[in-house]
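Coordinate inspection notes
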Amino acid sequence: MQAYQLGQATLAAMERDQVWPTPLNYEIWMHAVANPDGDLAIEIQRLLKRDKMITEETSDRLAVEFLPNRRFDDEVREAGDQLNRELVSVTTAIKKAQQTSKDYNSTLDIADRSLAVDVEATTVRNVVKDLSTATEVVRIENRGLEVMLERSTAEVRRLQLHLEQVRREASTDALTTLANRKAFDEEIIQLCEKADTNGRPLSFAVIDIDFFKKFNDTWGHQTGDQVIRFVASVIGRVAEAPRFAARYGGEEFCIIFPNESANLVERVVDEIRDEISTRMLKRRSTNEDLGMITVSVGLAQRTQNEPVHTLIDRADAALYVSKRNGRNRITNVGTSALEE
Ligand code: C2E
């Protein structure tokens, strides 16, 4: 969609959904209009159906949940400002300590000159008194500087941890806590480069929940979300590091298996498929049996130097073979391309 058309469609959607024309709502609705089948658009429709209106509080939540980069940018800016403030206060303290040290040196100079020309007891006493006062000032100043540096170090450490947490959240899917699509896009490039360097195999699986749309229509989005969480938890348990699991799209997941051939991985993926299809899930609100949940899987092994998109396309094509052949199964194409 062209930017101008997108802008117009966004405003129309905001009017239709009767939300305030705030910059935040504009950003949220623009993302939803640009991707009408995406999670954000689905969530907005769900909320409108349930609550009939979207409050400012809900908009804030939608932004945090679905526009992670925006939040990440804000947090990074905030942390940067805070670091600047720390830096300014430390610099000021150091300048003050330098001035105190300079004053102390002058006091020592004066004392030196006084003692060189006159060594009467009262003069010596006064000089010693001045020196002791000046030393006390320096001592207090140094202690203040120490406290300030300790405080600043702790603050910088806190900011580091906070940024680390925000970074983690920005690459995590909020519903499932698996890595999100953005993190996956970055990770697969790195892992493929590594595989090229060390000449080791790398396998890739795409996992899709069967008949999920029908399931959602029957049981509602909330139960649908629970099923997504369940499938993600099974995948997450099996795909521990160095394997890398992500929520790839709505009901689609993927796992990267560095250093593992597709033939070895097939058994592992089959365990996932089996665990999902044999678990009896209940609808929590009514205790009704949700029936069998199954997944279809496409599995491919990367050939040396194969472009990332070709590997993903091959696994996707394998997934559709699993779907065509009756679902609840794995299609392993290894290093070969599928004949159309
Ligand atoms: P959750 O509800 O946050 O549960 C997290 C984990 O706590 C579950 O991981 C399970 O180990 C444990 N747990 C929670 N409730 C029960 C329970 O009533 N009995 C037992 N024995 N353990 C329980 P698990 O099984 O991997 O599930 C992950 C997520 O999948 C759950 O998160 C939930 O969102 C969804 N889920 C799993 N089973 C069901 C189900 O039967 N019905 C619904 N609606 N959702 C389910």
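A brief look at the structure comes next.

What counts and what doesn't
- Residues numbered from 1 in each chain as written.
- Predicted model: local features only at pLDDT ≥ 70, side-chain atom pairs only at ≥ 80, totals over all residues.
- Heavy atoms only, no water.
- Axes fitted to C-alpha atoms, helices over the stretch in contact; angles between N-to-C directions.
- Helix = DSSP H or I, 4+ residues; strand = E, 2+ residues; numbered from the N terminus.
- Parallel < 35°, antiparallel > 145°, perpendicular 65-115°, else oblique.
- Left-handed = near helix turned anticlockwise from the far one by under 90°.
- Contact = heavy atoms within 4.5 Å.
- Nonpolar A, V, L, I, M, F, W, Y, C, P; charged D, E, K, R; others polar.
- Near = heavy atom within 4 Å.
- Polar contact = N/O pair within 3.5 Å; in protein donor to acceptor, adjacent residues only side chain to side chain.
- Areas by Shrake-Rupley, 256 points an atom, 1.4 Å probe, with all protein chains shown as cover.
- Buried < 20%, exposed > 50% of the residue type's maximum accessible area, 1.4 Å probe, protein only.
- Pairing = 2+ DSSP bridges.
- Salt bridge = Lys/Arg side-chain N within 4 Å of Asp/Glu carboxyl O.

Now for the packing of helix α2 (residues 23–34) against helix α4 (residues 56–66). Put simply, α2 and α4 touch, their axes get as near as 10 Å, and they point 50° apart. Compared by their axis directions, α2 and α4 come out oblique. Relative to α4, α2 is oriented so that their crossing is left-handed. Where α2 approaches α4, its residues L24, N25 and I28 are matched on the opposing element by S59, D60, L62 and A63. Taken together, the residues of the contact of α2 with α4 break down into 4 nonpolar, 2 polar and 1 charged.

Okay, the site of the ligand next. Every residue near the ligand is listed here: Q226, R229, F230, S233, R237, R279, L281, K282 and R284. Here an oxygen atom of the ligand and a side-chain polar atom of R229 are 2.7 Å apart. Interatomic distance of 2.6 Å between a side-chain N/O atom of S233 and an oxygen atom of the ligand. The fraction of the free accessible surface of the ligand (770 Å²) that becomes covered by protein chains is 53%. Grouping the amino acids of the shell around the ligand by side-chain chemistry returns 2 nonpolar, 2 polar and 5 charged.

It is worth spelling out the environment of E275 at this point. With respect to the helices and strands, E275 occurs in helix α10 (residues 262–278). In this structure, E275 is in contact with F230, V234 and R237, ignoring residues within four places of it in sequence.

As a further point, take the side chain of S59. Counting through the fold element by element, S59 comes out in helix α4. Take S59: its relative accessible area is 2%, and that puts it in the buried class. At 2.6 Å, the side chain of S59 forms a polar contact with the side chain of N25. Apart from residues no more than four positions distant in its own chain, S59 is found in contact with L24, N25, I28 and I54.

The 5 strands are arranged β2-β3-β1-β4-β5 in an open sheet whose pairing can be described as mixed. Edge positions in the sheet fall to β2 (244–247) and β5 (330–332), since each of these pairs with one other strand and no more. Sheet twist, expressed as the mean angle between neighbouring strand axes with direction ignored, is 15°. The pairing of strand β1 (residues 202–209) with strand β3 (residues 252–258) spans 7 bridges and is antiparallel. Bridging across to β3, L202 finds its partner in P258.

Considering all chains together, one arrives at 25 salt bridges under this definition. One salt bridge in this structure joins E260 and R243, with 2.8 Å as the shortest N-O distance. Separated by 17 residues along the polypeptide, E260 in the loop between β3 and α10 and R243 in the loop between α9 (221–238) and β2 bring together distant segments of the chain. Across this residue pair, the class does not change: E260 and R243 are buried. The partner of E306 in a salt bridge is R314, and the shortest N-O contact between them spans 2.8 Å. Judged by relative accessible area, E306 falls into the buried class, the value being 6%. Taken together, the salt bridges that share partners define one network made up of D39, D173 and R247.

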